[in-house]
Amino acid sequence: PLHMADIGSDNYEQEFTLGLVESERRLLREIDEALVRISNGTYGVCVVSGKPIGKPRLEVQPWAKYCIDVARQRERPR
């Protein structure tokens, strides 16, 4: 028979792993979207403001779709 603590640990590990998988899927989706922007010539342009995304930001996060100002706005609590 399994101990209740073992069941809890197993559940935690499973949820943690599922969270990692979802995070990886989200990242792959963002990379795919960046590849589409490269194909249609809009890579490096903020999808909200239409302003260029700075080269330093793209070097750190090549899949960035927001300029730094918009990204900061979106991160603020509402």
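Residues numbered from 1 in each chain as written. Predicted model: local features only at pLDDT ≥ 70, side-chain atom pairs only at ≥ 80, totals over all residues. Heavy atoms only, no water.

Novice: Whenever I open this one, the overall build of the chain confuses me. Can you help?
Specialist: A count of helices and strands for the chain gives 3 helices and 0 strands. Its helices and strands in sequence order give the chain the pattern α-α-α, from N to C terminus. Taken against the 2.2 N^0.38 rule, which gives 12 Å for 78 residues, the C-alpha radius of gyration of the chain at 19 Å runs more than 25% over that of a compact globule. Seen along its three principal axes, the alpha-carbon backbone of the chain occupies a region of about 60 × 30 × 20 Å. Per-residue burial for the chain yields a buried fraction of 14% across its 78 residues. Counting only contacts in the chain whose residues sit at least 6 apart along the sequence, the fraction spanning at least 24 positions is 23%. Counting only carbon and sulfur atoms, one obtains 57% of the accessible surface of the chain, whose full area is about 6,500 Å². Here the chain holds 12 positive side-chain charges and 12 negative ones, and the gap between their average locations is 14 Å. (Helix = DSSP H or I, 4+ residues; strand = E, 2+ residues; numbered from the N terminus. Rg over C-alpha atoms; globule rule 2.2 N^0.38 Å. Buried < 20%, exposed > 50% of the residue type's maximum accessible area, 1.4 Å probe, protein only. Contact = heavy atoms within 4.5 Å. Areas by Shrake-Rupley, 256 points an atom, 1.4 Å probe, with all protein chains shown as cover. Lys, Arg positive; Asp, Glu negative; His and termini not counted. Charge placed at Lys NZ, Arg CZ, Asp CG, Glu CD.)

Novice: Would you mind going over the nonpolar core with me for this structure?
Specialist: One recurring pattern in soluble globular proteins is that nonpolar side chains are buried together. Among the nonpolar cores identified, the biggest contains 8 residues, and these are Cys46, Ile53, Leu58, Ala64, Tyr66, Cys67, Val70 and Ala71. Excluding anything up to four places from it in sequence, Cys67 contacts Cys46, Ser49, Pro52, Ile53 and Arg57. (Core = buried A, V, L, I, M, F, W, Y, C linked by side-chain atoms within 4.5 Å.)

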